[in-house]
Structures are given as structure tokens and as C-alpha cells.
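Summary of the model geometry
Below are the chains, spelled out letter by letter.
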Amino acid sequence: WFWVLALLSLYRPVLGVDLPWLHNLTRAKPRQRVPTVLSRQEIARLLRNVRGTEGTVIRLLYGTGMRIMEALRLRIMDVDFDRHEITVRNGKGAKDRHVPLPKSLRDDLQSIKEERRRWHERDVACGMAGVWLPDAIERKYPRAPLEFCWQYLFASPSYSTDPRSGQIRRHHLHEDRIARAIKAALRAARIDKRATAHTLRHSFATHLLNRGGRGVTSPLDEVSA
């Protein structure tokens, strides 16, 4: 396409020559690929082969239809156990939204929250507490990065240097850890499909649509029953 534009710019204004056949050229449409979707049986087999915090994240992706980075960037305050909902902040289009909290994940998320509280107390004690905050919140509320409610729910077990500030603190889990866990679970479950974290989002939407949006709150609760 670049060379077609170059020819047009050369022949028309420079040489004064018009090439009629160039007017009939159209840009080729990009190929649209059908997304991979796992069946309910495949999802059940996959989830039987996930463990630990990574396993909880994977269940959350299927149970809510969240994008991988939306899940990993969840803060403690974003999970409301009383209202049974999760707040997804700054999603696609910089919009916030609410998604239902799957019943089958409540206990796991509560356990992770309590573990994070212990980690945070140790971080504060050794002077390593703190978290990146968006939209100049840190300038407006200087103590906010030290508050537990702002900490990442799915935090890394180790510290790392924040390239924006140079501070050494605890960041959220890296998406590569989730990708490796999904790949290992697919292999263990003998699922011969190329699936990723986004596949869980497509599977969530497909299963919800096939069910007509009725029944249990989340397809995960149905699979886990």
C-alpha cells in the first residue's frame, strides 16, 4: 500500500500522468480469526489442574470475564464481599465497571486478602510498603500508598524496582506467571487447543450466552458445583 501511494504522488503531480487502474485498488481487509473457546467440560478439566494464587486468578478470569491485566491490577478495596461484587477500574476505554463476585471464589479471595494483610504489615515494619497510585492520587493523599486498601490483591511475593519512581516495593503478579500456569494446566488436562488468558474471557461470554444469562451468578459456580 505504501508503494501505491508513492506511485500516485509521483505520476499525478510530478509527471502529470494519470493511471486509471490505480483508482480501482482497495486496501486488503485484515483476516478475522475465530477466537478459541473451551467447552464446559474442558474448563472443568483445566481448573482441576490449577493451584495457588495463579489458580485463583485463572478461576477469576473465567468466572467474571475479566481481562488479564484487569484482574492482576485489582486493589484490596476493589473486592466487596458484602455486596458480592468486584470493581474493575480503568478498563477498556478508561471506564470502570462492576462484575459479580463468584460464590465459589469467596473463600479463596478472603484467604488471599488475609495473607496480603500479613505481607503488608511486614512491608510496613521493614520500610518496604507502598504501591503505585494513578491520577495523581499520591500527590493529593501522600499517605495513601501505605494504606492497606490501596495494595494490589494479587501481589508479587518479591520486591522489584518501580521504573517510574525508582522505588523498591511490591508490584502485582506478572502476567507471564498466569500464562505459564494456563499452559501447564492445558498440558496436564490433555486439552489440545491453543488457549490463553483471553480464551477464558471468550469462554465465559460464550457459556453465559448459551445459558441465556439465567441461573447461577457465574458460569464458574456452575462448573465448580
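Refer to the preceding data block for the structure.
The residue numbering used here restarts from 1 in each chain and proceeds along that chain's sequence as written. Thresholds applied to this predicted model are a pLDDT of at least 70 for local features of residues and 80 or more for the giving and counting of side-chain atom pairs; totals over whole chains, interfaces and linings are not thresholded and use all residues. In computing side-chain properties, one takes all heavy atoms of the structure into account and sets aside hydrogens as well as water.

1. Points about the overall build of the chain
Put simply, DSSP H or I for four residues or longer makes a helix, DSSP E for two residues or longer makes a strand, and each gets a number counted from the N terminus. A count of helices and strands for the chain gives 9 helices and 5 strands. Reading the chain from its N end, one meets helices and strands in the order α-α-α-α-β-β-β-α-α-β-β-α-α-α. Buried residues in the chain amount to 39% of all 225 residues. Here the analysis covers contacts within the chain between residues at least 6 apart in sequence; of these, 60% occur between residues at least 24 apart. Of the roughly 14,100 Å² that the chain leaves accessible, carbon and sulfur atoms contribute 53%. Think of it in three bands: with a 1.4 Å probe and only protein chains considered, a residue is buried below 20% of the maximum accessible area for its type, exposed above 50%, and partly exposed in between. Working rule for contacts: check all heavy atoms of both residues, and any pair within 4.5 Å makes them a contact. Methods summary: accessible areas were calculated by the Shrake-Rupley approach with a probe of 1.4 Å, and residue burial reflects only the protein chains presented.

2. As for the sheet that holds strand 2 (residues 85-88)
The pairing criterion for strands is at least two bridges between them, as found by DSSP. Read across the sheet, 3 strands follow the order 1-2-3 without closing on themselves; strand pairing throughout is antiparallel. The sheet is open, and its two borders are formed by strand 1 (79-80) and strand 3 (97-100), each paired with just one other strand. Sheet topology places strand 1 next to strand 2; 2 bridges connect them, and they run antiparallel. Looking at the pairing, Val79 lines up with Ile86 of strand 2.

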